[in-house]
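Below are the chains, spelled out letter by letter.
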Amino acid sequence: MRTLLVGSGAREHALAWKLSTSPLLTELHAAPGNPGIAALATCHPVRTDDTDSLVALARELAIELVVVGPEAPLVAGLADALRAAGVAVFGPSAAAAQIEGSKAFAKDVMTAAGVPTAATLDTAIAPCVIKADGLASGKGVFVCETQAEADAGLEAAAAFGGTVVIEELLEGPEVSLFALCDGTHAVALGAAQDFKRSEDGDLGPNTGGMGAYSPVAGLEELDTLVAQIHQPVVDELARRGTPFVGCLFAGLMLTPNGIRVLEFNARFGDPETQVLMPRLDGDLLAALAASAMGDDSSDLVRPGDRAAVTVVGAAPDYPARSDYADAPISGIAAAEAGGAIVFQGGTATREGVLITNGGRILSISAVGANVASARAEAYRAVGQVSFTGMRYRTDIAEEAARG
Ligand code: AMP
Ligand code: GLY
């Protein structure tokens, strides 16, 4: 199957890595990809927001399946344009991707579907959470403990334009739960915990994610959870005439009163995919292709028995900046020879040398019989990889590893 992967992060490198093990794969292409992906696929210099060129590329290469990584092209209608051109896509239509693109839409669907979520409030009285409606790269959510924070949050959220959603403030650990959807069925892919803050001890500013582990203790009954959380949303979107085809990602909070959904995303998680792929059993390409055709993929993939941990090697000034360029990267081959898998995010090559080019540069992953052994392997590999200024958290999965 000639396959085109859209995106350029470590998430897409992890997808490419798993896709490339499929016996069904005949050609793997990526747009735009990165140097890590280029070892597995033919990369084409087409931007993820250039819908017309992506459609033209897919036709020129006679692509049989497009897999879309990031949310922005999905919300902008890339999957619709490809389908209109007769190309099969794993990724939701713009209408279905509104589950991530609009907080107000997501809340409406969750309520109609009866999915447990935070209660909506009429006024911004602290404690509360205030959310700007549209895609805001994580910067549109304000968790307000005091009234002063709520007043400031309301102003900041309103500045994004559009509707503002106000919710009760919930507390508890957060986990991500993923399901492959074919428009009708939701099939469990795995659960992971990511580490959003930049510093050890969950301190410092929010980031795109500094590491992750999977599986998550307490979330063993994945099929039951997906039946309660993802399936009603898939049913509701189908009922509305906008079926969801793609990866449906539920951001959950494990509160003292039970599981609540904080948000849905219309895509794979980053860095969660860098732990889900190494432990996934089965043929990912077969599962994504089946889902794209509207066929149940439940017999094709399942979370494996092993655990995985990933640690992000970030730029020295990330997350303030995401443009750390030109520092040579070394040690990947040694780390991989020892059994780790180094997924590349913000990298480039210059005269054959691998260099940094972004904020989250590498996701250093390892698998093991349990979280403790996967963690030990991942950090051993972290010690082998280097670039000037590399920064990483030292406490990824530390608590989970203690069991
Ligand atoms: P969202 O984009 O809706 O997932 O929100 C981003 C982050 O804000 C989440 O990962 C949580 O850490 C936090 N958050 C969102 N909603 C709530 C809530 N109702 N209560 C507490 N924290 C929340
Ligand atoms: N790791 C969270 C996300 O991908 O949005």
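Check the entry above for the structure.
So, here's what we can say about the structure. All figures in this text were calculated on a predicted structure; none of them were measured in a lab.

This next bit is on the packing of helix H1 (residues 10-19) against helix H11 (residues 284-292). Between H1 and H11, whose axes approach to 8 Å, the crossing angle comes to 105°. When the axis of H1 is compared with that of H11, the two are roughly perpendicular. In this structure, H1 uses Leu-15, Lys-18 and Leu-19 to contact H11, whose residues at the interface are Leu-284, Leu-285 and Leu-288. Considering only residue class, the contact of H1 with H11 consists of 5 nonpolar, no polar and 1 charged.

Another aspect to go through is the sheet that holds strand S13 (residues 211-214). With antiparallel pairing, the 8 strands of this open sheet are ordered in space as S15-S14-S9-S10-S13-S18-S23-S20. Lying at the two open borders of the sheet, with one neighbouring strand each, are strand S15 (258-265) and strand S20 (341-344). Adjacent strand axes in the sheet meet at a mean angle of 25°, parallel and antiparallel pairs treated alike. By the bridge criterion, 9 bridges tie strand S9 (residues 174-182) to strand S14 (residues 245-255) in an arrangement that is antiparallel.

Below, the discussion takes up the site of ligand 2. The environment of ligand 2 is formed by Asp-194, Gly-208, Phe-249, Arg-267, Gly-269, Asp-270, Pro-271 and Glu-272. Between ligand 2 and the protein, one listed contact pairs a nitrogen atom with a backbone N or O atom of Asp-270 at 2.9 Å. At a separation of 2.7 Å, a nitrogen atom of ligand 2 approaches a polar side-chain atom of Glu-272. Surface burial for ligand 2 is 85%, taken as the share of its 200 Å² of free accessible area covered by protein chains.

Here Phe-264 shows up in strand S15. Spatially, the C-alpha atom of Phe-264 lies 9.6 Å from that of Leu-177, the residues being 87 residues apart in sequence. Once residues lying within four places of it in the same chain are set aside, the contact partners of Phe-264 are Ile-99, Glu-100, Met-110, Val-115, Ile-229, His-230, Val-233, Leu-248, Phe-249 and Ala-250.

A complete count under the given rule lists 6 aromatic pairs for this structure. Their ring planes at 75° and their centres at 5.8 Å tell us that Trp-17 and Phe-343 sit as a pair that is edge-to-face. In this pair, Trp-17 is assigned in helix H1 and Phe-343 in strand S20, connecting sequence segments 326 residues apart. You can call Trp-17 partly exposed: its relative accessible area is 26%. Note on Phe-90 and Phe-268: the rings are 6.0 Å apart at their centroids and 35° apart in plane angle, and the pair reads as tilted. Of this pair, Phe-90 sits in strand S5 (residues 89-90) while Phe-268 sits in the loop between S15 and helix H10 (273-279), and the two are 178 residues apart along the sequence. According to the relative accessible area criterion, Phe-90 is buried, its value standing at 2%.

Attention now moves to the site of ligand 1. With respect to spatial proximity, 15 residues lie near ligand 1, and among them Lys-103, Lys-131, Leu-170, Glu-174 and Glu-263 are the closest. The separation between an oxygen atom of ligand 1 and a polar side-chain atom of Lys-131 is 2.8 Å. Its free accessible area being 470 Å², ligand 1 has 87% of it covered by the protein chains. Those elements giving two or more residues to the shell around ligand 1 turn out to be strand S6 (128-132), strand S7 (141-144) and S15. Among the residues forming the shell around ligand 1, the class breakdown is 8 nonpolar, no polar and 7 charged.

Sheets are built from strands paired through backbone hydrogen bonds, the pairs being either parallel or antiparallel. Spatial ordering of the open sheet is given by S3-S2-S1-S4-S5, a layout of 5 strands whose pairing is parallel. Taken across any chain shown, the strands that pair with only one partner, and hence form the sheet edges, are strand S3 (42-43) and S5. When strand S1 (residues 2-7) meets strand S2 (residues 27-32), the two strands line up parallel, connected through 6 bridges. Pairing of Gly-7 across the sheet is with Pro-32, part of S2. Packed on one face of the sheet, helix H3 (residues 51-60) meets S1, S2 and strand S4 (65-68) and runs near 160° to S1. Together, S1, S4 and S5 form the strand contacts of H11, whose direction differs from that of S4 by roughly 100°.

Quick notes on the rules
Residues numbered from 1 in each chain as written. Chains lettered and ligands numbered in written order. Predicted model: local features only at pLDDT ≥ 70, side-chain atom pairs only at ≥ 80, totals over all residues. Heavy atoms only, no water. Axes fitted to C-alpha atoms, helices over the stretch in contact; angles between N-to-C directions. Helix = DSSP H or I, 4+ residues; strand = E, 2+ residues; numbered from the N terminus. Parallel < 35°, antiparallel > 145°, perpendicular 65-115°, else oblique. Contact = heavy atoms within 4.5 Å. Nonpolar A, V, L, I, M, F, W, Y, C, P; charged D, E, K, R; others polar. Pairing = 2+ DSSP bridges. Near = heavy atom within 4 Å. Polar contact = N/O pair within 3.5 Å; in protein donor to acceptor, adjacent residues only side chain to side chain. Areas by Shrake-Rupley, 256 points an atom, 1.4 Å probe, with all protein chains shown as cover. Phe/Tyr/Trp six-rings, centres within 6.5 Å; stacked < 30°, edge-to-face > 60°. Buried < 20%, exposed > 50% of the residue type's maximum accessible area, 1.4 Å probe, protein only.

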